[in-house]
Amino acid sequence: MHSNSVFNEIFDDNLVVRKIKNKLPKLFQLAELESSRDGRLGMEIGSARERILIALLMFKYGIDIVNAKVKITETEVDVFVKEQALSIKTISTKTSKLSRGVKLIWTVDAKKALEFKTSYTPKCDLLLAQIVWDGVGKLCLFSRRSQIEILNTIGRGRYIKLPKEGTNPRGAEITTEALNLLMQCEDTRIIEVSFARDEIDYREIYTKWLDLWRDEF
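Computed from a predicted model, the values in this text were never measured in an experiment. (Residues numbered from 1 in each chain as written. Predicted model: local features only at pLDDT ≥ 70, side-chain atom pairs only at ≥ 80, totals over all residues. Heavy atoms only, no water.)

A. Looking closely at the sheet that holds strand E9 (residues 160-161). Strand order in the open sheet formed by 3 strands is E6-E10-E9, with antiparallel pairing between adjacent strands. The open sheet terminates on both sides in strands that have one partner only, identified here as strand E6 (102-105) and E9. Of the pairings in the sheet, the one linking E6 to strand E10 (residues 172-174) comprises 3 bridges and is antiparallel in character. If you follow Lys103 over to E10, its bridge partner there is Glu173. (Pairing = 2+ DSSP bridges. Helix = DSSP H or I, 4+ residues; strand = E, 2+ residues; numbered from the N terminus.)

What follows is the structure, given as structure tokens:
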């Protein structure tokens, strides 16, 4: 039984589902071109992918309905739609099987990461895009209810993973085990996406800026 989340509408709209299947791979490929240098992806790739998914929400619900002005101090919520909060995460894997976790909070402070682990409770739905180039990935919606249920079922030690001591800490993540359990929840929504790469001229990422330079304003 699906939750009453407004975000379920994405998965029930055949037009939106078709656009996700047809357009998401190319948009994510363009984001990688914009965020890479000499073949290496920069840290900004996560923000670029997030903007693409927020634009999808704007297409579905209307630009005035989507509120992406979220305070920088907000660690979980990335956007609001009809006053419902949503967290957006993306992950790139080599195969369709999830083999690693997804960051819940970014911090270089090990103490803050530990405090997060002991106090964290999911407070909104989670939209997760799994990118599998030359394979089949997914766009998934995990309800807040399912996240809390899995957290309570397996416990914080198995739901949240902290960096190993002595390493450069980058924050806390939701574990592979927790993600795979969320995939199986009754109210989880999933759209499978074939992530085939297109032949894209690298100069295409400059066209929007070039068009603005040409525009008379």
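What follows continues from the structure just given.
B. Here's a closer look at a nonpolar patch on the surface. Residues Tyr202, Tyr206, Trp209, Leu212, Trp213 and Phe217 make up a contiguous nonpolar surface patch of about 890 Å² in total accessible area. According to the relative accessible area criterion, Leu212 is partly exposed, its value standing at 43%. (Patch = residues over 30% accessible without salt bridge, like charges linked within 9 Å, V, L, I, M, F, W, Y side chains within 5 Å. Areas by Shrake-Rupley, 256 points an atom, 1.4 Å probe, with all protein chains shown as cover. Salt bridge = Lys/Arg side-chain N within 4 Å of Asp/Glu carboxyl O. Buried < 20%, exposed > 50% of the residue type's maximum accessible area, 1.4 Å probe, protein only.)

C. View of the side chain of Arg49. Looking at where Arg49 falls in the secondary structure, it is placed in helix H3 (residues 45-61). Not counting the four nearest positions on each side in its chain, Arg49 is found in contact with Phe28, Glu32, Leu41, Thr90, Ser92 and Ile131. (Contact = heavy atoms within 4.5 Å.)

D. Just the pattern of salt bridges, in detail. Applying the stated rule across the entire model yields 12 salt bridges. With a shortest N-O distance of 3.6 Å, Glu204 and Lys26 are connected by a salt bridge. Highlighted residues: Glu204 in the loop between strand E11 (189-194) and helix H8 (207-214) and Lys26 in helix H2 (residues 14-34), separated in sequence by 178 residues. Classification of Glu204 as partly exposed rests on a relative accessible area of 30%. Residue Asp187 pairs with Arg145 through a salt bridge whose shortest N-O separation is 3.0 Å. In this pair, Asp187 is assigned in the loop between helix H7 (176-183) and E11 and Arg145 in helix H5 (residues 144-154), connecting sequence segments 42 residues apart. If you follow the salt bridges from partner to partner, you end up with Glu32, Arg49 and Arg197 in one network.

E. Examining unusual backbone geometry more closely. Notably, Lys82 is not glycine yet its phi reads approximately 50°, a positive angle. As for its placement among the helices and strands, Lys82 is situated in the loop between strand E4 (79-81) and strand E5 (84-92). Residue classification places Lys82 among the partly exposed residues on the basis of a relative accessible area of 48%. Residues other than glycine seldom take positive phi values, yet Glu83 does so here, at roughly 70°. Examined against the element boundaries, Glu83 turns out to sit in the loop between E4 and E5. Assessed through its relative accessible area of 78%, Glu83 is described here as exposed.

F. Structural view of the nonpolar core. Ile20, Phe28 and Leu57 are the most contacted members of the largest nonpolar core, which has 32 residues in total. Of all the secondary structure elements, the ones that give two or more residues to this core are helix H1 (8-12), H2, H3, E4, E5, strand E7 (125-131), strand E8 (136-142) and E11. Residue contributions to this core peak at 8 residues, all from H3. Among residues more than four places away in sequence, those in contact with Phe28 are Arg49, Ile52, Leu53, Thr90, Ala129, Ile131, Trp133 and Phe195. Membership of the second largest hydrophobic core comes to 23 residues, among which are Tyr120, Phe142, Ile160 and Ala178. (Core = buried A, V, L, I, M, F, W, Y, C linked by side-chain atoms within 4.5 Å.)

G. The sheet that holds E11, seen in detail. Spatial strand order, E3-E4-E5-E7-E8-E11: 6 strands in an open sheet with mixed pairing. Of all the strands in the sheet, the pair left with one neighbour each is strand E3 (66-67) and E11. In this sheet, E5 lies alongside E4 in antiparallel orientation, the contact comprising 3 bridges. Its bridge partner being in E5, Val79 is matched across the sheet by Leu86. Strands E5, E7, E8 and E11 of the sheet are contacted by H2, whose axis makes an angle of about 55° with E11. (Axes fitted to C-alpha atoms, helices over the stretch in contact; angles between N-to-C directions.)

H. Structural context of the pairing of E7. Taken across its 7 residues, E7 has 7 buried, putting it largely inside the fold. Here E7 shows no split at all, with Asp125, Leu127, Ala129 and Ile131 on one side and Leu126, Leu128 and Gln130 on the other all buried. The sheet contact formed by E5 and E7 spans 7 bridges and is parallel. Along E7, the bridge assignment pairs Ile88 with Leu127.

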